[in-house]
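Per-entry structural report
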Amino acid sequence: MELFTVEFWIALASIILIDLVLAGDNAIVIGMAARNIPKENQKKVIIWGTVGAFVIRAIATLLVVYLLNITGLRLVGGLALVYIAYKLLVEEKEDDNISASSQMWAAIRTIIIADAMMGLDNVLAVAGAAHGDFPLVVVGLAISIPIMVWCSTLILKLIERFPWIIALGSAILAWTAAKMIIEEPLIKMYFENGFIKYGFELVVIVLVVLIGLRVKKKNAEAKAAEEVAL
């Protein structure tokens, strides 16, 4: 696709719009993963996590034709995202004995893995809008990075002020995971009934949030009892 043509700008605008519309889940993951990192490293986690996700997304878009042929991809990605939604909910601030760099890279790794798992819909949409023009995909993703960083920073600040947003974010990620599982061609036929489809989504959300909150409460009680014993 030639530069500075009407078709080029329409395709570029479409890619940027797709990235922004589908970026909500990604921003939530980034904000939640960075919340327990020391404040001086939170910006680094957000930036490097976003850049890592961008690289994975660009590569995945290039390989989208091959990805479509992988049986069970959505199912595996959905199940992995269920675990990530749970993990981000129960995760607490790391012990001070753990190095700041270890904490930071662990958070970045979580962001990149989560984005890779839930980015398939984004990849398919972007690949379709780009009509096979990979450089156009890269440009569109690059333009969306600063906006993603800003959204993630905003979510992080909201989490600090309203801790209940953590549970809400986990519920949203669980919902995304449930939708991915439902769209898996191997089992999609079992969810054609609307009651079963939406019931499954609701069950996944409720289980992740309730189990996560219960485990988080137990961990907090165990930690408090340990501190009293000391």
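Treat the numbers as computed from the prediction; the structure is a model and nothing was measured.

Cut-off values and rules
- Residues numbered from 1 in each chain as written.
- Predicted model: local features only at pLDDT ≥ 70, side-chain atom pairs only at ≥ 80, totals over all residues.
- Heavy atoms only, no water.
- pLDDT = per-residue confidence, 0-100.
- Helix = DSSP H or I, 4+ residues; strand = E, 2+ residues; numbered from the N terminus.
- Salt bridge = Lys/Arg side-chain N within 4 Å of Asp/Glu carboxyl O.
- Buried < 20%, exposed > 50% of the residue type's maximum accessible area, 1.4 Å probe, protein only.
- Expected span 1.5 Å × (residues − 1).
- Polar contact = N/O pair within 3.5 Å; in protein donor to acceptor, adjacent residues only side chain to side chain.
- Core = buried A, V, L, I, M, F, W, Y, C linked by side-chain atoms within 4.5 Å.
- Patch = residues over 30% accessible without salt bridge, like charges linked within 9 Å, V, L, I, M, F, W, Y side chains within 5 Å.
- Areas by Shrake-Rupley, 256 points an atom, 1.4 Å probe, with all protein chains shown as cover.
- Contact = heavy atoms within 4.5 Å.
- Axes fitted to C-alpha atoms, helices over the stretch in contact; angles between N-to-C directions.
- Parallel < 35°, antiparallel > 145°, perpendicular 65-115°, else oblique.
- Phe/Tyr/Trp six-rings, centres within 6.5 Å; stacked < 30°, edge-to-face > 60°.
- Lys NZ or Arg CZ within 6 Å of the ring centre and 35° of its normal.

Where the model shows low pLDDT, its predicted coordinates should not be examined in detail. Mean pLDDT over the chain stands at 77; residues scoring 70 or higher make up 75%. Ranking the helices and strands of the chain by mean pLDDT puts helix α10 (residues 194–229) first, with 89, and helix α4 (residues 64–67) last, with 62.

With that out of the way, let us pick up the pattern of salt bridges. For the structure shown, the criterion picks out 1 salt bridge. As a salt-bridge pair, E183 and K188 come within 3.2 Å of each other at their nearest N and O atoms. Take K188: its relative accessible area is 40%, and that puts it in the partly exposed class.

Further remarks concern α10. A turn of α-helix holds 3.6 residues, and therefore any two residues three or four places apart point the same way. Taking 1.5 Å of rise per residue, 36 residues should cover 52 Å, and α10 covers 52 Å from first to last C-alpha, within 8% of that figure. Taken together, the buried positions of α10 are E201, V204, V208, V209, G212 and K216. Here α10 starts with a cap whose side-chain oxygen sits 2.8 Å from the backbone nitrogen of F195, and that cap is N193.

This part covers the nonpolar core. Ranked by size, the top nonpolar core spans 35 residues in total, and within it M32, V45, L88 and L173 carry the most contacts. Contributing elements (two or more residues each) for this core: α2 (24–34), α3 (39–62), α5 (73–90), α6 (100–118), α8 (134–161), α9 (165–182) and α10. For this core, the element with the most residues is α9, which contributes 8 residues.

With that out of the way, let us pick up a nonpolar patch on the surface. Among the surface-exposed residues, W150, L154, L158, F162, W164 and L168 lie close enough to one another that they form a single nonpolar patch of about 620 Å² accessible area. Looking at the secondary structure, you find L154 in helix α8. Taking the relative accessible area as the measure of exposure, L154 reaches 38% and is therefore partly exposed.

With that settled, the discussion passes to the environment of E160. Structurally, the position occupied by E160 is in helix α8. Along the chain, E160 and R35 lie 125 residues apart, while their C-alpha atoms are 7.6 Å from each other. In this view, E160 contacts K39 and Q42; residues no more than four positions away in its chain are not counted.

Our focus in this paragraph is the packing of α5 against α9. One way to put it is that α5 packs onto α9 with a least axis distance of 8 Å and a crossing angle of 170°. With respect to their mutual orientation, α5 and α9 come out roughly antiparallel. Of the residues in α9, those touching α5 at R74, L75, G77, G78, L79, L81, V82, A85, Y86, L88 and L89 are I166, A167, S170, L173, A174, T176, A177, M180 and I181.

Before going further, it helps to examine the packing of aromatic side chains. Throughout the structure, instances matching the rule amount to 2 aromatic pairs. Geometrically, the ring pair formed by F162 and W164 is tilted, given 6.2 Å between the ring centres and 50° between the ring planes. Judged by relative accessible area, F162 falls into the partly exposed class, the value being 32%. Positioned above the aromatic ring of W175, the side-chain terminus of K179 is 4.0 Å from the ring centre.

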